[in-house]
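# Inside the fold
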Amino acid sequence: MSDPTIEAEAEKRRLSRREFIKRVIASGAVASSASFVFGGLSACSSPRGAVAGSVERLISIDVNGQLRRVDVLPQETLAMTLRYKLGLTGTKLSCDRAECGACTVMIDGVTTYSCSTLTHSVRARKVMTIEGLRGPNGELHPVQQAFVDELGPQCGFCTPGQVVAAVALLQKNPKPTREEARHAMSGNLCRCGAYDNYLNAIMRAAGNTAEIHHGA
Amino acid sequence: MAHKLLGKDFLPPDVIAKVTGEAKYAEDFRAEGMVFARILSSPYPHARVKSIDATEALAMPGVVGVLLPEDVTNPAPPEIPLLTMEPGYVGAPILLVAAEDETTAQDAIEKIRIDYEPLPFTVDPLASLHPDAPDARTDGNIGAGGSANVALGKLKWKREDFDSAGERMPMGEPAPKQDWTFGDVEAGFAKAKLIIDEPFVHASNSHHSMEPRTAMAYWQNGKCILHLSSQSQSFITPALAGMIGIPATDLVVVAEYCGGGFGSKGGAYPLQALPALLSKKINRPVMMRVSRAEEYYNGSARLGFQGQVKLGFAEDGKLLAADLYIVQENGACNSFWDFRNAPDGLSVLYQPEAMRWRGVPVFANSPIRSAQRGPGYNQMVHIMEPLMDRAARELKIDRLAIRLRNVGGIAAPIGPQRTPATSCYMKDALEKGAQLFGWDERMKRNGQRNGSKVTAVAVGQAFHPAGFNGFDGLLRILPDGKVHIHTGVGNLGTFSHSSTSRIAAEVLKLNWDDVVIERGDTRKNLPWNIGQFGSNTNFTMARTNYVAAMDALTKLREIAAKEFGATPDDYDIDGKRVFRKGLPGIGMAYSDAARRAIALGGKYDGHELPKDINPMTQVSATAIAGTGLVGVAKDNLAVNGAPSAFAAAFIEIELDLETGKHVIIDYLGVADCGTVIHPSGLETQVKSGAVQGFGVASLERIVYDPQNGLPASVGFYQARPPTYGDVAQRFRTSAVDKPDPSSPLGTKGIGEPLLGCAGSALLCAISEAIGGHVFNRTPIVPDMILNHLAKQPQAHGRLQVNCQ
């Protein structure tokens with residue numbers, strides 16, 4: 001299903017956290033470690049461009065199949081661009097430091113923590129968010145439908161990230177075992193503890209009914 | 001009685017938005033002219049702020065304003081201040097800065113000059129009771145609100161209490177009125193065959209809500225519109241309005257979705273009020289985003305325990321006497337009264353013939369605390385269940401049998417007042433679980449070795465109160481035939497805003513498609529309802545929805561009788577029509593009855609209201625008066641005893657003796673939640689409550705540097721909520737499904753004990769796997785297991801807290 005060349009390329013392009021930090025530091029936009037902790041909170045920048053030395057640049061990014069033109073600061077994270085400049089608030093910020101997966105999006109088909117991805121690094125690449133999963137007539141993606149059928153979400157805050165991670169998994173491995181799914185999903189936290197429901201949903205979406213667990 | 005809706009699954013109305021990303025949480029809202037606020041918080045565990053100079057910050061381009069301690073009215077100490085000049089923990093908010101963008105706000109924080117005077121601090125409550133030790137607060141070291149009601153004060157134990165303690169916890173005098181006794185405790189110990197007397201520690205652990213407590217506020221026409229993260233809806237409004245300094249009717253609370261609370265967002269909290277106050281001051285909408293680290297500072301944690309428990313058992317395993325002492329870690333401010341709940345839990349689950357309890361709620365310079373799923377009750381079972389296992393081993397009794405020997409009856413008495421449970425089916429839960437799990441068969445595997453791995457099987461129990469009463473119900477039947485059920489309970493993610501609304505639908509025999517749930521926003525005219533916490537929603541809201549529906553039913557019958565003659569009692573309903581019994585042709589559709597109600601006015605369409613309903617319900621019902629047939633009533637139904645929920649857990653683990661790590665092979669949770677209201681919702685809670693129990697038992701804790709009072713657990717990786725990799729490979733769920741007689745349709749709450757039974761079962765299984773050693777401590781982490789197996793000393797002191 002997936003093209004191995006594209007996969008390898010995407011893997012190569014994926015920014016490691018270390019590289020991300022290096023780039024942020026190199027941009028000169030971060031004055032102290034404290035503001036790195038709150039790094040990427042600089043979107044919704046003022047008309048004056050309040051941060052000294054940081055200049056917005058107009059770039060194009062492909063989001064959910066649409067080319068979007070957007071002014072982006074050097075240190076701006078993809079999560080902030082999506083949420084505060086493109087109105088795509090389905091991507092959630094929970095830890096803002098690559099620990100929890102609430103901000104998971106796909107970049108060229110690979111799941112990525114958008115809280116720790118610089119928007120400038122995704123120019124000319126394909127970004128897929130939770131908002132891009134519905135069909136042309138608004139129908140739910142089969143994974144979304146499976147999440148509904150298995151009563152996956154509880155509070156729902158981690159759910160968009162879980163759905164995106166599950167879609168990416170099934171694109172790569174359409175018939176995962178429950179253990180494979182558990183491993184693939186392990187970058188996404190759910191404090192409600194709905195893991196078993198989410199795994200049931202993935203098994204349902206994959207047609208693996210033998211590994212859907214209910215009852216006693 | 002066969003139900004139309006109860007016990008059946010349905011599509012909760014908020015699920016689709018959660019899987020599409022359309023569900024809007026506080027940080028997803030925008031307002032024209034919105035600015036960003038950042039919090040300047042304390043870098044010290046305890047300090048006095050001697051001066052604040054914001055001149056340079058305010059002169060920065062883009063900075064709009066500041067909110068200082070002098071701008072807010074704080075509640076009387078030791079309640080949590082909004083902003084403080086004497087921060088009592090790292091991360092305590094001192095002031096807010098608003099700017100056009102968030103980076104500027106953060107940069108402005110760096111430009112604010114604050115002169116701090118560091119003060120003595122403590123991160124060990126027990127140690128701080130020593131006469132030579134520092135107090136966490138300058139105005140006292142003990143206090144607690146709620147049912148404990150311990151005034152802020154100073155309590156120091158005697159030096160000899162510490163010097164003579166030996167292996168036991170030092171035990172000086174308890175806090176005022178924080179002790180009780182029933183039965184003859186000393187006589188119980190005297191006739192006991194086995195005495196267990198152990199000090200214990202139950203760690204604090206954060207709530208780790210995925211959604212930080214971000215809030216956005218603006219003012220419009222004198223009203224404050226507040227988008228926030230709350231488990232509760234109606235319940236928080238009066239208190240939050242009080243913090244902001246406005247009448248409740250001038251506060252609009254939007255809380256349609258809440259990204260997790262687990263007790264930490266049950267009541268109104270200061271961080272909800274701060275953006276509202278700043279917005280008022282600068283006359284701009286304010287978005288105050290809360291970072292993950294700030295969430296760990298201010299987002300609450302379970303209250304930790306240091307304690308001593310002495311148990312006396314008869315030869316057959318009967319618990320004759322219990323003596324319990326708990327030192328509770330409050331955090332720096334008033335929080336909850338877990339230490340007072342815990343002994344009630346012990347008393348109802350194990351039914352000792354005699355019992356004494358003593359407690360002290362002590363302040364420490366550590367994060368804000370609040371109730372966390374099963375406050376006190378779950379800490380108690382995490383300590384007690386492994387000790388019940390130890391008693392069983394020493395008395396050579398089966399571990400399930402010792403629980404059945406001590407389990408309470410259907411009206412199991414609770415606490416010193418011996419209040420009967422409205423229903424207790426713990427025995428049924430244990431027996432059903434044992435049968436489904438195959439206890440006897442599995443016990444044959446117990447202790448089996450496979451290389452370095454050992455299999456262990458265990459059982460756990462838990463209890464929590466499960467309901468309140470006295471709140472209001474509100475619904476209306478509209479001329480289009482739809483029935484709008486107004487619910488102010490909140491959205492914690494359990495779907496119980498809808499499952500309890502189905503009680504009203506059941507009474508009116510409605511098709512679920514004909515029901516519209518009105519919730520999530522004060523402007524939707526919501527009644528006065530309980531907050532969504534404490535396993536209370538089901539029982540409490542079943543009753544409010546029941547009485548509102550019964551009021552609507554009475555009005556339907558009266559309207560039919562006015563229209564067609566005979567008496568109201570001669571009429572029945574079928575979900576669409578009210579009709580004459582035996583003469584179904586005589587009657588009218590609900591939609592026509594709604595039109596008649598509007599024409600009749602008075603009580604029928606909400607223009608006349610019951611006198612005993614809450615002012616909030618009065619306002620809401622008045623706002624919808626004239627739109628249809630209004631059903632509105634206060635829950636005045638009788639309650640015979642204390643509504644109670646119970647749960648049993650059965651677990652099989654494999655523990656690697658070389659690494660100290662365990663894998664949960666199989667887990668079964670059995671709920672005593674009365675009549676099952678929503679089967680798939682219940683299954684979800686049984687499983688996910690267990691996940692949280694596994695976390696408390698084996699992963700989660702708060703870590704402090706005792707030398708500097710600095711927190712080390714301010715991220716998910718450090719504070720360690722469970723991941724996909726930490727949970728059971730196989731979850732099984734079941735329920736007793738016997739009705740509670742004090743609930744109109746037999747339903748009652750269940751959320752909290754589902755954590756405690758699982759945490760207990762896992763703690764018991766770990767002990768079982770290592771030959772029965774009981775750590776008397778949570779969490780049990782691998783290095784503790786390895787140290788024990790290698791006969792090495794543990795890294796922590798026996799009663800040390802906030803460590804590991």
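Just so it is clear, the model here is predicted, and its values are computed rather than measured.

We now examine the nonpolar core. Residue and element names in this part refer to chain B. By size, the foremost hydrophobic cluster in this structure holds 314 residues, and its most contacted members are Val 97, Ala 98, Ala 647, Ala 649, Ala 761 and Ala 765. Residue contributions to this core peak at 12 residues, all from helix 16 (residues 537-564). Residues in contact with Val 97, not counting those within four places in the same chain, are Ala 37, Arg 38, Leu 40, Ala 57, Val 63, Val 66, Ala 105, Ala 108 and Ile 109.

This brings us to the packing of helix 11 (residues 399-406) of chain B against helix 12 (residues 426-437) of chain B. Two numbers describe a pair of packed helices, the interaxial angle and the distance between the axes. Residue and element names in this part refer to chain B. Running from N to C, helix 11 and helix 12 cross one another at 160°; their axes reach a closest spacing of 10 Å. Taken as axis vectors, helix 11 and helix 12 run roughly antiparallel relative to one another. Here the hand of the crossing between helix 11 and helix 12 comes out left-handed. Here Leu 400, Arg 403 and Leu 404 of helix 11 come into contact with helix 12, specifically with Lys 427, Leu 430 and Ala 434. Each residue belonging to the contact of helix 11 with helix 12 can be placed in one class, and the counts come to 4 nonpolar, no polar and 2 charged.

Further remarks concern the domain arrangement of chain A. Residues and elements named next belong to chain A. Partitioning chain A into domains gives domain 1 (4-37 + 58-132) and domain 2 (142-211). Mapped onto the side of domain 1 that touches domain 2, the elements with two or more residues apiece are strand 3 (104-107) and strand 4 (110-113). Among the elements that line the side of domain 1 that touches domain 2, the one with the most residues is strand 3, at 3 residues.

Residues and elements named next belong to chain B. Residue position: Ser 743 is located in the loop between strand 32 (731-735) and helix 21 (753-769). Judged by C-beta crowding, with 28 C-beta atoms within 10 Å, Ser 743 ranks as buried. Setting aside residues up to four positions removed in sequence, Ser 743 forms contacts with Phe 539, Ala 542, Arg 543, Gly 674 and Lys 748.

Our next topic: the interface of chain A and chain B. Between chain A and chain B, the residue contacts involve 55 residues of the former and 63 residues of the latter. Taken together, the residues that form the side of chain A that touches chain B break down as 27 nonpolar, 19 polar and 9 charged.

To continue, consider the confidence of the model for chain A. All names here are of chain A. When the pLDDT values of chain A are averaged, the result is 84; 75% of them are 70 or greater. A low-confidence stretch, residues 1-15 (pLDDT under 50), is modelled with 17 contacts involving residues beyond four sequence positions or located in other chains. Per-residue pLDDT stays below 50 along residues 25-52; that stretch engages in 74 contacts with residues further than four places along the chain or on separate chains.

This part covers the sheet that holds strand 24 (residues 571-573) of chain B. The strands making up a sheet associate through hydrogen bonds between their backbones, and the pairing can be parallel or antiparallel. Residue and element names in this part refer to chain B. An order of 24-25-26 is seen for the 3 strands of this open sheet, with the pairing classed as antiparallel. Each having just a single partner strand, strand 24 and strand 26 (583-589) make up the two edges of the open sheet. Shown here is a sheet whose adjacent strand axes are inclined to one another by a mean of 35°, direction ignored. By the bridge criterion, 3 bridges tie strand 24 to strand 25 (residues 577-580) in an arrangement that is antiparallel. Paired with Asp 572 across the two strands is Phe 579, which belongs to strand 25. Sitting on the sheet, helix 16 is in contact with strand 24, strand 25 and strand 26, with an inclination near 130° to strand 24. In this fold helix 17 (residues 590-600) packs onto strand 25 and strand 26, with an angle of close to 55° to the strand it touches most, strand 26.

Criteria and cut-off values
- Per-chain numbering applies: the sequence of each chain, read as written, is numbered from 1 onward.
- All chains are assigned letters beginning with A, and all ligands numbers beginning with 1, in the order in which they are written.
- Local features in this predicted model are restricted to residues whose pLDDT is 70 or higher, and side-chain atom pairs enter the listing and the counts only when it is 80 or higher, whereas totals over whole chains, interfaces and linings include all residues.
- Among buried residues, those of type Ala, Val, Leu, Ile, Met, Phe, Trp, Tyr and Cys that are joined through C-beta atoms within 7 Å form a set called a nonpolar core.
- Using C-beta atoms placed from the backbone, we call a residue buried if 20 or more other C-beta atoms fall within 10 Å of its own, exposed if 12 or fewer do, and partly exposed for counts in between.
- Strands are runs of DSSP state E lasting at least two residues, helices are runs of H or I lasting at least four, and both sets are numbered from the N terminus onward.
- Remark: residues whose backbone-derived C-beta atoms lie within 7 Å of one another are considered to be in contact.
- Where helices are involved, their axes are fitted lines through C-alpha atoms of the stretch in contact, as for all axes, and angles between N-to-C directions lie from 0 to 180°.
- Orientation is classified from the angle alone, with under 35 degrees giving roughly parallel, over 145 giving roughly antiparallel, 65 to 115 giving roughly perpendicular, and any other angle giving oblique.
- Here a crossing is called left-handed whenever its near helix is offset anticlockwise from the far helix by less than a right angle, and right-handed whenever the offset is clockwise.
- Put simply, Ala, Val, Leu, Ile, Met, Phe, Trp, Tyr, Cys and Pro go in the nonpolar bin, Asp, Glu, Lys and Arg in the charged bin, and everything else, Gly too, in the polar bin.
- Either an automatic procedure or a domain database provided the assignment from which the domain bounds are taken.
- How sure the predictor is of each residue is captured by pLDDT, a score from 0 to 100.
- Strands qualify as paired when DSSP identifies two bridges or more between them.

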